[in-house]
Amino acid sequence: MTAKYKRIMVIGPCGAGKSTAAFEIARLFDLPLFHMDKLNWKPGWVETETLQLRSKVAEVAAHDSWVIEGNYGGTMELRLPRAEAVFYLDYPIPLCLFRIVKRVMRYRGRTRPDMGEGCPEQLNLSFLWYVARWNSGPKPRTEAKLVGHEDKVLRFRHPKELKNWLSSKAG
């Protein structure tokens, strides 16, 4: 295996498979895994207050090793300077939308393993619209935050690229 990363961010559009990738990356590099959704969401889909969320993220980012999964642009500046690698799942939006629908069908009414307790999966049209518009809004904002950190970014444009990269490191 090449260099062993100790602090890794996993970002990308909703439905790209960030959580699944983060589980595999954390296992591969033997790192603790933190999900931004778990840090943010309280039971009943209540969001953590901004200052409290930033405090939680700063505490996690101060650790010696981690995988932090999730975008949450308002906290990226707390994680990016310490990250050694940013796994950017820059996948096609139709694939992400398909995966979201599949995820809703799989977990409907239950809380996913990467989500805060008491936040059952549900179909939300405004969320689907947010993802459908990813390339024209959230993506440019996310990429603007990556400026100055390009040397850390491992961009994967298709799940097979990530799978091949992970396989090459596991061997």
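Everything below is about the structure shown above.
Attention here is on the structure that accompanies the text. From a predicted model like this one, the values you see are computed outputs, not experimental measurements.

## Some remarks on the state of the cysteines
Then, number 1: Taken as a whole and assessed by the stated rule, the structure comprises zero disulfides.
Then, number 2: You can see C14 has no disulfide; the closest cysteine sulfur is in C96, sitting 8.3 Å from it.
Then, number 3: The exposure class assigned to C14 is buried, which follows from its relative accessible area of 17%.
Then, number 4: Counting only cysteine sulfurs, C14 is the nearest neighbor of C119, a cysteine outside any disulfide, at a range of 15 Å.

## Description of the sheet that holds strand β7 (residues 153–156)
Note: strands within a sheet are paired through backbone hydrogen bonds, in either parallel or antiparallel orientation.
Then, number 1: Ordered in space as β2-β5-β1-β6-β7, the five strands form an open sheet in which the pairing is parallel. One side of each edge strand has no neighbouring strand; the edge strands of this open sheet are β2 (33–35) and β7. Neighbour-to-neighbour, the strand axes of this sheet turn through a mean angle of 15°, independent of strand direction.
Then, number 2: When strand β6 (residues 85–89) meets β7, the two strands line up parallel, connected through four bridges. Within the sheet, the bridge partner assigned to Y88 lies in β7 and is R155.
Then, number 3: Contacts from helix α8 (residues 159–170) reach β6 and β7, with the element oriented near 130° to β7.

Conventions we followed
- Residues numbered from 1 in each chain as written.
- Predicted model: local features only at pLDDT ≥ 70, side-chain atom pairs only at ≥ 80, totals over all residues.
- Heavy atoms only, no water.
- Disulfide = S-S within 2.5 Å.
- Buried < 20%, exposed > 50% of the residue type's maximum accessible area, 1.4 Å probe, protein only.
- Pairing = 2+ DSSP bridges.
- Helix = DSSP H or I, 4+ residues; strand = E, 2+ residues; numbered from the N terminus.
- Axes fitted to C-alpha atoms, helices over the stretch in contact; angles between N-to-C directions.
- Contact = heavy atoms within 4.5 Å.

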